[in-house]
Amino acid sequence: MVEIEIDGKKVEVLEGSMVMDAANKLGTYIPHFCYHKKLSIAANCRMCLVEVEKAPKPLPACATPVTPGMIVRSHSDKAVKAQKAVMEFLLINHPLDCPICDQGGECQLQDLAVGYGGTTSRYEEEKRVVFHKDVGPLVSMEEMSRCIHCTRCVRFGQEIAGVMELGMLNRGEHSEITSFVGKTVDSELSGNMIDLCPVGALTSKPFRYSARTWELSRRKSVSAHDGLGSNLIVQVKNHKVMRVVPFENEEINECWISDKDRFSYEGVNSAERLTKPMIKQGGQWQETDWQTALEYVAHGLRNVKHEHGADSIAAVVAPYATLEEMSLAQRIVRGLGSDNIDFRLRQTDFALNGTVKPWLGTSIAQFAQLKNVFVIGSFLRKDHPLLAARLRQSVKLGAKLSVLNATDDDLLIKLANKVIAAPSAWLAELAKVAVAVAAKKEVAAPAGVEQFVADSAAEHIAASLIAGKAGVFLGNAAVAHPQSAQLHALAQWIAEQTQADFGYLTEAANTVGGYLANAYPQKSAQAVFAAPKKAYIVLHAEPLLDSANPVQAQAALAQADMVVVMSPFKHGAEYADVLLPVSPYTETAGTFVSCEGRAQSFHGVVRPLGDTRPAWKVLRVLGNLLTLPDFEFETSEAVRDSVLAGKDLAAILNNRADIAPLTVQTAGAALERIADVGIYHTDGIVRRAESLQQTADARAPLASISSALAAKLGAQDGDLLKFTKGGSVLLNTRIDAALPANVVRVAAANVLTANLDGMFGEINVERA
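Residues numbered from 1 in each chain as written. Predicted model: local features only at pLDDT ≥ 70, side-chain atom pairs only at ≥ 80, totals over all residues. Heavy atoms only, no water.

Let's shift gears to the overall build of the protein chain. Helix and strand counts for the protein chain stand at 26 helices and 33 strands. Relative to the globule expectation of 27 Å for 768 residues, the C-alpha radius of gyration of the protein chain, 28 Å, shows essentially globular dimensions. Its C-alpha atoms give the protein chain principal-axis dimensions of about 90 × 65 × 60 Å. Classification of the 768 residues of the protein chain by burial places 61% in the buried group. Contacts spanning at least 24 positions in sequence make up 72% of the contacts within the protein chain whose residues lie at least 6 apart. For the protein chain, the accessible surface area stands at approximately 30,200 Å², while carbon and sulfur atoms represent 51% of it. (Helix = DSSP H or I, 4+ residues; strand = E, 2+ residues; numbered from the N terminus. Rg over C-alpha atoms; globule rule 2.2 N^0.38 Å. Buried < 20%, exposed > 50% of the residue type's maximum accessible area, 1.4 Å probe, protein only. Contact = heavy atoms within 4.5 Å. Areas by Shrake-Rupley, 256 points an atom, 1.4 Å probe, with all protein chains shown as cover.)

Written as structure tokens, this is what we have:
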């Protein structure tokens, strides 16, 4: 530790720290623009010049290392004079258009100009003008004359997002920030550059000119999308969500959020919102009141139970429903005598049903400190943007990342080892790693993998895991895999032998909560649509897009006597009998349990739209109408406490299963589908966010084939090909040289591919 003095106050900081770090520790504010605690030091704005005793001239606080006994003055005449001189230079070319600038009221330059700017400008020459750029639907670069070249956006791209999408051209007064020629900003974390920009150069395109910062109310919330549980500030005007920004939480999302969390609020304001209960009468939809609708539902469920038995009733819950909604839904189903409820809609292998309650297996902070990580079956960057960002930082500091997947996507992270194989070969590839671990640890390999011989990739992965401080994690694709239980067993054995953390990169905001709420069948081990039922309650889910087998789901719903759809949006009219408008996460109180087992409760930030009602209240009333016990809840907190109160979540959550003998077979040569769920197609809110649907990720080709298959079919990039799996679809196709020869990549969760049944398994491809 080194002791220095700043403005007469002494402080101890680590050796190698900068003066700015010492000032932050003291709570002393030094004006700055380019400095940011999460980014490298650039020292190019010079606004943080301070007087250092015995130094001949002012020094930048952000780039001056501390020395023992150093005396710093941040507000002396010499320091303030230097800071005012820098401000004068920064304002030379800056347009004086604060009244029309979208950053007005929350602009760092505006704030500091009040304290350090002159009352008049000595600069009388013409100001420079920078031509605006179009870099996509999310980030606006239409006022680049305001840029002060702090390069925060450039450094964020390089260091946090992992891709240099913006850079600086030219020198001196002619410098300008720009994207590569003809390129848009497509990173899944790009919106953070808006927060980082200290002036009005980079602004939010969807929010642009829609409200002033002082008109907005700020309310805390939690992300309703991936399993991280990012903390949010939702900004509201006139009971409408106008903007979403990060709420800093170092243990979870640091000071970042993904673009999916930032811009998905447009879906909440979508024209597709359902605002009144509706009942289908004689094939025609009619609006009705809540009392009539719920009595109709209760009467219909009683009839189905009476005529076909309790087992003919089922509930389908989206994994981003709140803990309270899941708990009440399963109470209704079980109160009626059925066990048919599930939230694991993209899962097909239920051999581990109930024996594991999957979670990350460690905290997010500890996950970021692992030195050797092995990820199995994950489109890591798109499935878990902020966990990928954490891994990116770890790898920069020397950690090693190994992956097993069917596609060789650019993770923007340096990989130590990668195995790219068809999904049917994943078990065999994992068996090779197990054999390598067994040989290195001098233990017996698990039964069923003796015939495999470790190759060099398996040897390297095994060596990295044995090196210590390791983690083995199963991704979304591994969970949806038809042999997910066997993948779990092998991954668990590898983790146990190498003393590695073992866990799941969970899919949705409340995947972990679904297990805690018991919103899955305790007896049955099959998909909820596998055996068609006579009555379905569909809560928040869109079965044709959220199910592993959409054709099977559609057939089951079409055969049912009664389908009740509870959703914020108008969908399911073709198979539903009742549509009930329930609140999205912005309009209800609830709880999400994140991948690390952290329960985070939140309140609605705006009042429900129209006649929309919070789903937990609707389910409570429905339970009362059905005269079921234990439905006397007054608040969402009471429902939450009935699930979580007095329980140690770390003791309940469990990734360990008893390992049955493995039957690992060599992969076949048939064409196989691998289905990725696009980052902007994961759930109903995101799918209705207009700006996100205009991004490159949303518009990306839905189908990719290998070079070998393209040569066999005589296909070129962009050709229209016919894909058959259950049903058939025609799709423009991209040739991906990195795909294994027999792997066909066709996206799921998309209306264009909903005719294909199953996210894995054999698929046929032919010229259209």
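This paragraph deals with the sheet that holds strand 24 (residues 562-567). As summarised here, the arrangement of the 7 strands in space is 15-14-25-24-23-16-17, forming an open sheet in which the pairing is mixed. The open sheet has two edge strands, strand 15 (284-287) and strand 17 (340-342), and neither has a second partner. Ignoring which end each strand starts from, the neighbouring axes of this sheet average 15° apart. Bridge count between strand 16 (residues 313-317) and strand 17: 3 bridges; the pairing is parallel. (Pairing = 2+ DSSP bridges. Axes fitted to C-alpha atoms, helices over the stretch in contact; angles between N-to-C directions.)

If you add up the space inside the largest pocket, you get close to 840 Å³. Around the largest pocket, the lining is made up of 31 residues, and of these Ile-194, Asp-195, Leu-196, Val-245 and Pro-246 lie nearest the centre. Secondary-structure elements contributing two or more residues to the lining of the largest pocket are helix 5 (192-196), strand 10 (203-204), strand 13 (240-246) and helix 6 (259-263). Split into classes, the residues belonging to the lining of the largest pocket amount to 15 nonpolar, 7 polar and 9 charged. Space inside the second largest pocket adds up to approximately 720 Å³. Surrounding the second largest pocket, 31 residues form its lining, Lys-382, Asp-697, Ala-700, Arg-734 and Arg-745 being those nearest its centre. Only helix 11 (380-383), helix 25 (696-699), strand 29 (703-705) and strand 31 (727-735) provide two or more residues apiece to the lining of the second largest pocket. (1 Å grid on protein atoms, 1.4 Å probe; cavity = no way out; pocket = protein on both sides within 12 Å on 5 of 7 lines; lining within 4 Å. Points joined across faces, edges and corners; volume = space filled by probe spheres on them. Nonpolar A, V, L, I, M, F, W, Y, C, P; charged D, E, K, R; others polar.)

Attention shifts here to the UniProt feature "domain: 4Fe-4S Mo/W bis-MGD-type" (unreviewed entry) in the protein chain. UniProt's entry tags residues 216-272 with the feature "domain: 4Fe-4S Mo/W bis-MGD-type" (unreviewed entry), counted in the numbering of this structure. End-to-end, the C-alpha atoms of residues 216-272 are 25 Å apart, and along that stretch the chain is 16% helix and 35% strand. (UniProt positions renumbered as here; feature names shortened; annotations may be inferred.)

Within the structure shown, the criterion is met by 8 cavities of 30 Å³ or more. Space inside the largest cavity adds up to approximately 670 Å³. Residue lining of the largest cavity: 43 residues in total, with Gln-347, Asn-476, Val-479, Glu-507 and Thr-511 positioned closest to the centre. Only helix 15 (476-480), helix 16 (484-497) and helix 17 (511-516) provide two or more residues apiece to the lining of the largest cavity. In terms of residues, the lining of the largest cavity owes the most to one element, helix 15, which gives 5 residues. Of the residues assigned to the lining of the largest cavity, the class counts are 23 nonpolar, 10 polar and 10 charged. Taken together, 16 residues line the second largest cavity, and the ones lying closest to its centre are Tyr-320, His-540, Pro-584, Tyr-585 and Ile-685. Grouping the amino acids of the lining of the second largest cavity by side-chain chemistry returns 8 nonpolar, 6 polar and 2 charged.

Within the secondary structure layout, Cys-255 lies in the loop between strand 13 and helix 6. Considering only alpha carbons, one finds Cys-255 and Phe-367, 112 residues apart in sequence, at a separation of 17 Å. If near-sequence neighbours (up to four positions away) are discounted, Cys-255 is found in contact with His-36, Lys-38, Asn-192, Pro-246 and Glu-248.

Since there are 3.6 residues in each turn of an α-helix, residues three or four apart along the chain are aligned in direction. The end-to-end C-alpha distance of helix 16, which contains 14 residues, comes to 20 Å, matching closely the 20 Å that a straight helix rising 1.5 Å per residue would cover. Summarising burial for helix 16: 12 of the 14 residues are buried, a large majority. Listed as buried for helix 16 are Ser-484, Ala-485, Gln-486, Leu-487, His-488, Ala-489, Leu-490, Ala-491, Gln-492, Trp-493, Ile-494 and Ala-495. Elements in contact with the buried residues of helix 16: strand 18 (372-376), helix 13 (426-441), helix 14 (456-466), strand 21 (470-474), helix 15 and strand 22 (501-504). In the stretch just after helix 16, Gln-499 is the one whose phi turns positive, near 55°. (Expected span 1.5 Å × (residues − 1).)

Turning our attention to the side chain of Ser-175. Note that Ser-175 resides in the loop between strand 8 (166-169) and strand 9 (176-179). You can call Ser-175 buried: its relative accessible area is 6%. At 2.9 Å, the side chain of Ser-175 and the backbone oxygen of Gly-172 are in polar contact. Leave out the neighbours within four places in its chain, and Ser-175 touches Arg-128, His-149, Met-168, Leu-169 and Asn-170. (Polar contact = N/O pair within 3.5 Å; in protein donor to acceptor, adjacent residues only side chain to side chain.)

The subject of this paragraph is the packing of helix 9 (residues 323-335) against helix 21 (residues 636-644). One way to put it is that helix 9 packs onto helix 21 with a least axis distance of 9 Å and a crossing angle of 75°. Taken together, the axis directions place helix 9 and helix 21 in an arrangement best described as roughly perpendicular. On the side of helix 9, the interface is formed by Leu-323, Glu-324, Ser-327, Leu-328 and Arg-331, while helix 21 contributes Ser-636, Val-639, Arg-640, Ser-642, Val-643 and Leu-644. The residue inventory of the contact of helix 9 with helix 21, partitioned by class, reads 5 nonpolar, 3 polar and 3 charged. (Parallel < 35°, antiparallel > 145°, perpendicular 65-115°, else oblique.)

Let us look at the pairing of strand 14 (residues 278-281). Across 4 bridges, the pairing between strand 14 and strand 15 is antiparallel. Pairing of Gln-281 across the sheet is with Gln-284, part of strand 15. Hairpin connection of strand 14 to strand 15: 2 residues between the antiparallel strands, including Gly-282 at a positive phi of 60°. Of the strand pairs in this sheet, strand 14 and strand 25 (residues 578-581) are connected by 2 bridges, and their pairing is antiparallel. Bridge assignment links Met-278 to a residue of strand 25, and that residue is Leu-579.

With respect to the element layout, Arg-155 can be found in helix 4 (residues 152-161). Buried and unpaired, Arg-155 has Glu-159 as its nearest opposite-charge partner, separated by 5.5 Å. Those residues in contact with Arg-155 that lie beyond four places of it in its chain are Cys-34, Leu-39, Ser-40, Ala-42, Cys-150 and Ile-160. (Lys, Arg positive; Asp, Glu negative; His and termini not counted. Salt bridge = Lys/Arg side-chain N within 4 Å of Asp/Glu carboxyl O.)

Bringing helix 4 into the picture now. Burial runs high along helix 4: 9 of the 10 residues are buried. Looking only at helix 4, the buried set comprises Arg-152, Cys-153, Val-154, Arg-155, Phe-156, Gly-157, Glu-159, Ile-160 and Ala-161. Those residues of helix 4 hidden inside the fold are in contact with helix 3 (108-116), strand 8, strand 9, helix 5 and helix 12 (385-396). Just downstream of helix 4, Gly-162 is the residue with a positive phi angle, here 90°.

The interhelical angle for the contact between helix 9 and helix 20 (residues 615-625), taken along N-to-C directions, is 20°, at an axis separation of 9 Å. Between helix 9 and helix 20, the angle is such that the two are roughly parallel. The handedness of the crossing between helix 9 and helix 20 is left-handed. Within the contact between the two elements, helix 9 uses Glu-324, Glu-325, Leu-328, Ala-329 and Ile-332 and helix 20 uses Ala-615, Trp-616, Leu-619, Arg-620, Leu-622 and Gly-623. Looking at side-chain class alone, the contact of helix 9 with helix 20 contains 7 nonpolar, 1 polar and 3 charged residues. (Left-handed = near helix turned anticlockwise from the far one by under 90°.)

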